[in-house]
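Chain by chain, the residues run as shown.
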Amino acid sequence: MRLFADLWPFGDLPPHSFDFIMADPPWRFQTRSEKGEGKSAQRHYRTMPIEQINALPVLDLASEHCTLWLWCTAPMLPQQLTTVASWGFTYCTEGVWVKMTVNGKVSFGTGYGLRGSHEPFIIAKRGEPKLTRSTRSVIHGKVRGHSQKPEEAYREAERLMPKARRLELFSRTDRKGWTTWGDEAGKFGEAA
């Protein structure tokens, strides 16, 4: 039994238990300048190379019929599609979080070629999960701390699969009705 424990990176999370998995992996990508390095993910938290992310046995957390909501980055979207497949899920569609300022305007972020005002996410599945037809592909939500996702996204995820057993991988917020896992779980405290 010890061998399985050594191979299972998810601590006490029970295998094959979740109908909905939201994941925000700590993507590592190359910055193009020292100025960019100061704004990079690695400045804010430990990142992982995509090969390590892809090797995680995420499918072993999923129930027979499971939805994956994978947060992505625009510069790495082609590579992040390999993550979906490596984890054993089938791509369904994509959406975006339009980042809004506290004044209700579209934010003006950094970017490669275009200034980023959004963050993409992929919806993928295992089996045939039952999804409601009310969630749209565009979510408007306020920008908060670095990589902190908007509350609107969690509300839409809950509407997408209202009765799901939910897991947030690489979580930074404790949330009622969700199981959380990650280096920084609870960093932002309990969600509103």
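In what follows, the structure referred to is the one given above.
Here is a short report on the structure shown in this document. Note that the structure is predicted; figures quoted are calculated from it, not measured. (Residues numbered from 1 in each chain as written. Predicted model: local features only at pLDDT ≥ 70, side-chain atom pairs only at ≥ 80, totals over all residues. Heavy atoms only, no water.)

Some thoughts on the pairing of strand β2 (residues 62–71)
In step 1: Counting buried positions along β2 yields 8 of 10 residues, so the element is predominantly enclosed.
In step 2: Two strands pair when backbone bridges link them, and strand β1 (residues 18–23) and β2 are joined in this way by 5 bridges, in the parallel orientation. Across the sheet, the residue bridging to Phe18 is Ala62, located in β2.
In step 3: Note that β2 and strand β4 (residues 118–126) share 6 bridges and pair antiparallel. Across the sheet, the residue bridging to Leu70 is Ile122, located in β4. (Buried < 20%, exposed > 50% of the residue type's maximum accessible area, 1.4 Å probe, protein only. Helix = DSSP H or I, 4+ residues; strand = E, 2+ residues; numbered from the N terminus. Pairing = 2+ DSSP bridges.)

A short note on the pattern of salt bridges
In step 1: One pass over the structure, following the stated rule, counts 9 salt bridges.
In step 2: In this structure, Asp19 engages Arg165 in a salt bridge whose closest nitrogen and oxygen atoms are separated by 2.7 Å. Highlighted residues: Asp19 in strand β1 and Arg165 in the loop between α5 (151–160) and β6 (166–169), separated in sequence by 146 residues.
In step 3: By relative accessible area, Arg165 is classed as partly exposed at 43%. (Salt bridge = Lys/Arg side-chain N within 4 Å of Asp/Glu carboxyl O.)

Some details on helix α4 (residues 77–86)
In step 1: Along α4, the residues that are buried comprise Gln80, Thr83 and Val84. Along the axis of α4, the buried positions cluster into a sector of 100°, meaning they face one direction only. In this structure, α4 carries Pro78 and Ala85 as exposed residues pointing more than 90 degrees from its buried face.
In step 2: Once α4 ends, the next one or two residues include Gly88, with phi positive near 90°. (Arc of directions from axis to C-beta.)

A short note on the packing of aromatic side chains
In step 1: For the structure shown, the criterion picks out 10 aromatic pairs.
In step 2: A centroid spacing of 5.4 Å and a plane angle of 70° characterise the contact between Phe170 and Trp181, whose relative ring orientation is edge-to-face. Note that Phe170 is positioned in the loop between β6 and β7 (178–181) and Trp181 in strand β7, a separation of 11 residues in sequence.
In step 3: Taking the relative accessible area as the measure of exposure, Phe170 reaches 12% and is therefore buried.
In step 4: The ring of Trp97 carries the charged tip of Lys99 above its face, separated from the ring centre by 5.0 Å.
In step 5: Taking NZ or CZ as reference, Lys149 lies 5.3 Å from the ring centre of Trp71, over its face. (Phe/Tyr/Trp six-rings, centres within 6.5 Å; stacked < 30°, edge-to-face > 60°. Lys NZ or Arg CZ within 6 Å of the ring centre and 35° of its normal.)

Looking at α5
In step 1: All buried positions along α5 are accounted for by Glu151, Ala153, Tyr154, Glu156, Ala157 and Leu160.
In step 2: Against the buried residues of α5 lie β1, β2, β5 (138–142), β6 and β7. (Contact = heavy atoms within 4.5 Å.)

With respect to the environment of Pro9
In step 1: For Pro9, the location among the structural elements is in the loop between α1 (2–7) and β1.
In step 2: We classify Pro9 as partly exposed; its relative accessible area is 35%.
In step 3: Along the backbone, Pro9 and Leu56 are 47 residues apart, and their C-alpha atoms lie at a distance of 7.6 Å.
In step 4: When neighbours within four sequence positions are excluded, Pro9 is seen to be in contact with Leu56, Pro57 and Trp181.

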